Amino acid sequence: MIKKIYMDHSATTPVREEVVAAMMPYFSKAYGNASSIHGFGQEAKSVLEESREKVADLIGACPEDIIFTGGGTESDNLAIKGALNARKAGGGGHIITSSVEHPAVLRPCEWLEKNGYELTRLPVDSKGLISPSDLESALREDTLLVSVMLANNEVGMLQPVAELAEVVAEHDAVFHTDAVQAVGKIPVDVESLGVDLLSFSAHKFYGPKGVGVLYRRSGVRMEPLQHGGHHENRLRAGTENVAGIVGLARAIELSCTEMATEKERLADMRDRLECGIKERIDDVRVNGAGAERLPHLLNVSIEGVEGESMLLMLDARGIAMSTGSACTSGTLEPSHVLTAIGVSPEVAHGSLRISMGYINTDSEVDYVLESLSDVVQKLREMSPTYQPGGQASS
Ligand code: PLP
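Cut-offs applied
- Here the residue numbering is sequential within each chain, running from 1 through the sequence in written order.
- Thresholds applied to this predicted model are a pLDDT of at least 70 for local features of residues and 80 or more for the giving and counting of side-chain atom pairs; totals over whole chains, interfaces and linings are not thresholded and use all residues.
- Side-chain metrics in this entry use all non-hydrogen atoms of the structure; hydrogen atoms and water are not considered.
- The patches reported here contain residues having more than 30% relative accessible area and no salt bridge. Joining distances are 9 Å for like charges and 5 Å for nonpolar side chains (Val, Leu, Ile, Met, Phe, Trp, Tyr).
- Values of accessible area rely on a 1.4 Å probe in the Shrake-Rupley scheme; residue burial ignores everything except the protein chains shown.
- For this document, the term salt bridge refers to a Lys or Arg side-chain nitrogen within 4 Å of an Asp or Glu carboxyl oxygen.
- Secondary structure elements follow DSSP: runs of H or I no shorter than four residues count as helices, runs of E no shorter than two count as strands, and numbering proceeds from the N terminus.
- At least two bridges found by DSSP between two strands are what make those strands a pair.
- Axis lines are fitted through C-alpha atoms, for helices just across the contact stretch, and the angle between N-to-C directions can take any value from 0 to 180 degrees.
- Angles are sorted into four bins: roughly parallel if under 35 degrees, roughly antiparallel if over 145, roughly perpendicular if 65 to 115, and oblique for all others.
- Note: crossing handedness is left-handed where the near helix turns anticlockwise from the far helix by less than a right angle, and right-handed where it turns clockwise.
- Contacts are residue-level and defined by heavy atoms, with any inter-residue pair within 4.5 Å sufficient.
- One heavy atom suffices: a residue is near a molecule or strand as soon as one of its heavy atoms comes within 4 Å of it.
- Pairs of N or O atoms within 3.5 Å make up the polar contacts considered here, provided that, within protein, one atom can donate a hydrogen while the other can accept it, and that residues adjacent in sequence are counted only when both atoms are side-chain atoms.
- In this classification, Asp, Glu, Lys and Arg are treated as charged, Ala, Val, Leu, Ile, Met, Phe, Trp, Tyr, Cys and Pro as nonpolar, and every other residue, Gly included, as polar.
- In summary, the charge assignment counts Lys and Arg as positive and Asp and Glu as negative, without counting His or the chain termini.
- Taken as the charge centre is NZ of Lys, CZ of Arg, CG of Asp or CD of Glu, depending on the residue.
- To sort residues, take the accessible area from a 1.4 Å probe on protein chains only and compare it with the maximum for the residue type: under 20% means buried, over 50% means exposed, and anything in between is partly exposed.

Draft legend 1. A nonpolar patch on the surface, seen in detail. There is a patch of nonpolar side chains on the surface, built from Val-15, Val-20, Met-24 and Phe-27 and spanning about 350 Å² of accessible area. With respect to the helices, strands and loops of the structure, Phe-27 is situated in helix H2 (residues 25-28).

Structure, rendered in structure tokens:
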């Protein structure tokens, strides 16, 4: 039987057994609505508040600063639109984001741009990093909000969020960070980061899909996006997903407990993968090289091959990864993150994102290295255009 190797943990992760076990009672035994006053409701309310305390404690926040949401996309939208709606009824004003954000931040910012706001997209350098001085120059008197991610989902570089937040703190703007790829992987503490708003999502750290958190520093004004009941401090109407929230809290707890050792193990595997790829395959560019990066993620651009063909051939060998191109309406769009860091569209098309997790082992790294060099060799032999010694090697 073919081996199955999952190395796409930045897309999503398996739910850990301990997490499933923690969630189970809240589906069909303790299934009360946390807003009900009877015993079933009170049981749900009490585990909801325990989960809130646990989550708050693990990111250095107060329980009342935690808003449970339906995932990372919702947390980002609530942070950005909710904070702006509270500051300026009727719209208008200036917002700043970066050119390497996830669509969950870029699309709401673009939507706001179409609806009366001015938008600045900060550039990044060749490592993918934003410079605090560029942010300083972009800030204006009417800047209401700055949103810059903590860890990038494609390349893994970590932005200097604490420094950026310090720059913003001298202005009258709210600072949001999308920490969806960071929480559970690297220490995240809202106080040392100095952010006003921070988003994350359970399914990226072995929790269930469809449940997330928005941290809101107390005093930051916010309007809800969906109107209804008085749930989540009147900021997110809708009966709470108690089982999901319990799962999120258990998952973040496990990830934080194991973080120190797991971070090191993953970084070792990532480095072995990176060295092994460079040894076996010519004309490879390691994206984000030189930047501080997430420990479990490696993004490489391999010249003369096409990302989707690589993925399909690796999939046939049981290996699951991602590429930096998205097939949109029949045209292969190179990743906006890779183009922002200066990778040419042709080279960006041959990109692979390899993201590991606690299920991966050293022997899987060996199998991946062997399979990948074989796949690249086969694809290059078929390529009518590949010339060794091209752009990616520079
Ligand atoms: N932000 C980042 C950086 C992400 O990587 C993702 C998911 O890939 C999201 C936001 C969206 O999170 P969710 O899938 O929970 O909506």
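More follows now that the structure is in view.
Draft legend 2. Region of the structure containing the sheet that holds strand S2 (residues 66-69). In space, the 7 strands of this open sheet follow the order S2-S8-S7-S6-S5-S3-S4, with mixed pairing throughout. Two strands lie at the open edges of the sheet, namely S2 and strand S4 (117-122), each paired on one side alone. Neighbour-to-neighbour, the strand axes of this sheet turn through a mean angle of 20°, independent of strand direction.

Draft legend 3. Structural detail: the packing of helix H11 (residues 307-316) against helix H14 (residues 362-382). At a minimum axis separation of 10 Å, H11 and H14 run at an interaxial angle of 130°. Looking at the two axes, H11 sits oblique to H14. Here H11 runs over H14; the crossing is right-handed. Facing H11, whose interface residues are Ser-309, Met-310, Met-313 and Leu-314, H14 presents Ser-371, Leu-372, Val-375, Val-376, Lys-378 and Leu-379.

Draft legend 4. The site of the ligand, seen in detail. In the vicinity of the ligand lie 14 residues, with Thr-73, Asp-178, Gln-181, Ser-201 and Lys-204 positioned nearest. Between His-203 and the ligand, the recorded distance is 2.9 Å, taken from a side-chain N or O atom to an oxygen atom. Here Lys-204 contributes a side-chain N or O atom positioned 2.6 Å from an oxygen atom of the ligand. Protein burial of the ligand: of its 390 Å² of free accessible surface, 85% is covered by the chains. Of all the elements, helix H4 (residues 72-87) adds the most residues to the shell around the ligand, at 3 residues. Classifying every residue of the shell around the ligand by side-chain character gives 3 nonpolar, 8 polar and 3 charged.

Draft legend 5. Structural context of unusual backbone geometry. Positive phi is not limited to glycine here, since Tyr-206 has a value of about 70°. One can find Tyr-206 in the loop between strand S7 (197-201) and strand S8 (212-216).

Draft legend 6. How the structure looks around a negative patch on the surface. Together, Glu-136, Glu-163, Glu-166 and Glu-170 make up a negatively charged patch on the protein surface. The topology assignment puts Glu-163 in helix H7 (residues 161-169).

Draft legend 7. Broad picture of the environment of Glu-364. In this structure, Glu-364 sits in helix H14. Under the relative-accessibility criterion, Glu-364 is labelled buried at 14%. In the structure, Glu-364 is positioned 169 residues away from Val-195 in sequence and 38 Å away in space, judged by C-alpha atoms.

Draft legend 8. Fine view of the sheet that holds strand S9 (residues 284-286). Within the open sheet, the 4 strands sit side by side as S9-S10-S15-S12. Their pairing is antiparallel. At either end of the open sheet lies a strand with only one pairing partner, and these are S9 and strand S12 (322-323). In terms of strand pairing, strand S10 (residues 297-302) meets strand S15 (residues 351-355) through 5 bridges, oriented antiparallel. Within S15, the residue paired with Asn-299 across the bridge is Arg-353. In the packing of H11 onto the sheet, the strands contacted are S10, S12 and S15, and the crossing angle to S15 comes to about 45°.

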